[in-house]
Amino acid sequence: MRKILLPIDPSAYTQTALAYAALFAEPEKSVIEGTAIIDVLDVVEHAATFLPLPQGLDSHKEQEDKLLEHVRQKVNKELQNFENFCHEKKLNCTLKTYEGRPDYVIEKESLYSDLVIIGMRNFFHFEREDKPETSLKQILGHTISPILAVTRNFKPIRKVLITYDGSMPSMRAIQRFAYMMRNTKYEAIILTKSKNEQSALANSEKAEKYLTQYGIEKLSRKWTQQSLIKTFEEEYLNQVDIIICGIHSQNFIKSFFVGSFTKYLIDLNQVPVFIGQ
């Protein structure tokens, strides 16, 4: 892995994302690209809330410029904090600032990155950082790079839950995660949903054999007849440190908004999720 894309906002989620980026980047000497995004159109709209429209255009322009300068100062501060962390930990890093809609910028830049690490809640609109927005949900299904969606707090990865359905996206998620974690010791559970136990375990057997090549300390296969959400809540919610999921890009929009396991995990915001597609 050569490059990790880390979109920066002024929240605790960015600090957690940076801790995970350090975990993955250090063994490979990967470059972490800290990316700040200024949504100028959103700043202009927000500035209009301070002055009613009948006010003169000069007054509006003055308010816009003042707010935009304030946003740039916040962005520079966060980039400086990012750079200081990387230098302290002796991590390779680059800093980028873009103007545009956050989800569009992240989608485009992710094409040239091996991994995107982003918070489950996003605060890319620096001018109103108390209101989370939905950049993560908007980029899912629109990037070829895997995404690690993180919670507010970092914790070491010791126990991993892998949801596996035999599809190409779920196996690709396993491959990418296993390669990234090849220098780390951890325990893994492969969970498959099926009406039949024999069918479920047969389905996950090859995935298990693949993972054993990476020297995982303890590896087991489980199956469930229940929904993944119910099984997770009853057996794994407080037991695992990260979840591996594969999503199908072609049917993603429909399945995500109807109610997918991935959407549930993001809304829950309690366990980091590694998403491959």
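Note that the structure is a prediction, hence the values are computed from the model and not measured.

1. Regarding the pairing of strand β4 (residues 115–119)
- A large share of β4 lies buried, amounting to 5 of its 5 residues.
- With burial as the criterion, each face of β4 is covered, one bearing Leu115, Ile117 and Gly119 and the other bearing Val116 and Ile118.
- Bridging between strand β1 (residues 3–8) and β4 involves 2 bridges; their strand directions are parallel. What sits directly across from Leu5, in β4, is Val116.

2. Details of the side chain of Ser145
- The residue Ser145 is located in the loop between α5 (135–139) and β5 (147–150) in this model.
- Residue class for Ser145 comes out buried when judged on its relative accessible area of 3%.

3. So, empty space enclosed by the protein
- Enumeration over the complete set of coordinates arrives at 2 cavities of 30 Å³ or more.
- Of the voids in this model, the largest cavity is the one considered here, and its volume is about 50 Å³.
- Of all the secondary-structure elements, those providing two or more residues to the lining of the largest cavity are α1 (12–28) and α3 (57–88).
- For the lining of the largest cavity, a count of residues per class yields 3 nonpolar, 3 polar and 1 charged.
- As a volume, the second largest cavity reaches approximately 40 Å³.
- Lining the second largest cavity, in full, are Leu23, Phe24, Pro27, Met180, Met181, Asn183 and Thr184.
- Taken together, the residues of the lining of the second largest cavity break down into 5 nonpolar, 2 polar and no charged.

4. Regarding α1
- Helix length check: α1, at 17 residues, gives a terminal C-alpha distance of 25 Å against a target of 24 Å (1.5 Å per residue), a fit within 8%.
- A bend of about 25° at Ala22 is the largest found in α1.
- Listing the buried residues of α1 in full gives Tyr13, Thr14, Thr16, Ala17, Leu18, Tyr20, Ala21, Ala22, Phe24, Ala25 and Glu28.
- Among the residues of α1, the N-terminal cap falls to Ser11, whose side-chain oxygen and the backbone nitrogen of Tyr13 are separated by 3.2 Å.
- A positive phi of about 60° marks Lys29, the residue just after α1.

Parameters and conventions
- Residues numbered from 1 in each chain as written.
- Predicted model: local features only at pLDDT ≥ 70, side-chain atom pairs only at ≥ 80, totals over all residues.
- Heavy atoms only, no water.
- Buried < 20%, exposed > 50% of the residue type's maximum accessible area, 1.4 Å probe, protein only.
- Helix = DSSP H or I, 4+ residues; strand = E, 2+ residues; numbered from the N terminus.
- Pairing = 2+ DSSP bridges.
- 1 Å grid on protein atoms, 1.4 Å probe; cavity = no way out; pocket = protein on both sides within 12 Å on 5 of 7 lines; lining within 4 Å.
- Points joined across faces, edges and corners; volume = space filled by probe spheres on them.
- Nonpolar A, V, L, I, M, F, W, Y, C, P; charged D, E, K, R; others polar.
- Expected span 1.5 Å × (residues − 1).
- Bend = angle between axes of the 7 residues up to and from the residue.
- Polar contact = N/O pair within 3.5 Å; in protein donor to acceptor, adjacent residues only side chain to side chain.

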